[in-house]
Amino acid sequence: DGYLTVQVGYTVMLVPLLLLTFMHTPTVSRLTVIGCAVGIGDGLVQSSLFTVASNCGGKYTSAVMFGNGMSGLSVSILKIL
């Protein structure tokens, strides 16, 4: 089910970030592992959202694609600034 995969993806992203807050001395290797875990969780969430939206119809798929594009554009603009 797509909704379950979305929840798993958010959990995969949240747990490493919570662990990061309790680390006394984050090392480069720990930060790399956390970054990879967050990326995997993000990939799960994005693919699952497209699956859920495609089951609802074209209008919702377009909305997800628009939101994805706008988030990429806003992040790129913030990197330039």
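Residues numbered from 1 in each chain as written. Predicted model: local features only at pLDDT ≥ 70, side-chain atom pairs only at ≥ 80, totals over all residues. Heavy atoms only, no water.

A. Up close: the overall build of the chain. Helices and strands together make up the secondary structure of the chain, namely 3 helices and 0 strands. For the chain, the N- to C-terminal ordering of α and β elements is α-α-α. In summary, the chain has a C-alpha radius of gyration of 15 Å against a globular reference of 12 Å for 81 residues, an excess of more than 25%. Taken along the three principal axes of its C-alpha coordinates, the chain extends 45 × 35 × 15 Å. Within the chain, the fraction of its 81 residues that count as buried is 15%. Within the chain, counting contacts between residues at least 6 apart in sequence, those at least 24 apart form 51% of the total. (Helix = DSSP H or I, 4+ residues; strand = E, 2+ residues; numbered from the N terminus. Rg over C-alpha atoms; globule rule 2.2 N^0.38 Å. Buried < 20%, exposed > 50% of the residue type's maximum accessible area, 1.4 Å probe, protein only. Contact = heavy atoms within 4.5 Å.)

B. The arrangement of a nonpolar patch on the surface in detail. Nonpolar side chains collect at one region of the surface, where Phe66, Met70, Leu73, Ile77, Leu78 and Leu81 lie side by side and expose about 680 Å² of accessible area between them. For leucine 81, a relative accessible area of 80% translates into the label exposed. (Patch = residues over 30% accessible without salt bridge, like charges linked within 9 Å, V, L, I, M, F, W, Y side chains within 5 Å. Areas by Shrake-Rupley, 256 points an atom, 1.4 Å probe, with all protein chains shown as cover. Salt bridge = Lys/Arg side-chain N within 4 Å of Asp/Glu carboxyl O.)

C. Structural context of the side chain of serine 48. Secondary-structure assignment places serine 48 in helix 2 (residues 28-56). According to the relative accessible area criterion, serine 48 is buried, its value standing at 5%. Those residues in contact with serine 48, other than ones at most four positions away along the chain, are Gly2, Thr5 and Val6.

D. Summary view of the environment of leucine 78. Here leucine 78 lies in helix 3 (residues 58-80). Once the C-alpha coordinates of leucine 78 and tyrosine 10 are considered, the two residues, 68 residues apart in sequence, prove to be 24 Å apart.

E. The environment of aspartate 1, seen in detail. Position of aspartate 1 among the secondary structure elements: in the segment before helix 1 (2-22). Residue classification places aspartate 1 among the exposed residues on the basis of a relative accessible area of 71%. Separated by 12 residues in sequence, aspartate 1 and methionine 13 have C-alpha atoms that sit 19 Å apart.

F. Seen up close, the packing of helix 2 against helix 3. Interhelical geometry of helix 2 versus helix 3 gives an angle of 150 degrees and a closest axis separation of 7 Å. By the angle between their axes, helix 2 is roughly antiparallel relative to helix 3. Contacts between helix 2 and helix 3 pair Gln46, Leu49, Phe50, Ala53, Ser54 and Cys56 from the former with Tyr60, Thr61, Val64, Met65 and Asn68 from the latter. Class assignment of the residues belonging to the contact of helix 2 with helix 3 gives a composition of 7 nonpolar, 4 polar and no charged. (Axes fitted to C-alpha atoms, helices over the stretch in contact; angles between N-to-C directions. Parallel < 35°, antiparallel > 145°, perpendicular 65-115°, else oblique. Nonpolar A, V, L, I, M, F, W, Y, C, P; charged D, E, K, R; others polar.)

G. Summary view of the packing of helix 1 against helix 2. Between helix 1 and helix 2, the shortest axis-to-axis distance is 8 Å and the interhelical angle comes to 160 degrees. By the angle between their directions, the pair helix 1 and helix 2 is classed as roughly antiparallel. Here the hand of the crossing between helix 1 and helix 2 comes out left-handed. Packed against helix 1, whose contacting residues are Gly2, Tyr3, Thr5, Val6, Val8, Gly9, Tyr10, Val12, Met13, Pro16, Leu17 and Leu20, the element helix 2 presents Leu31, Ile34, Ala37, Val38, Gly41, Asp42, Leu44, Val45, Ser48, Leu49 and Val52 at the interface. (Left-handed = near helix turned anticlockwise from the far one by under 90°.)

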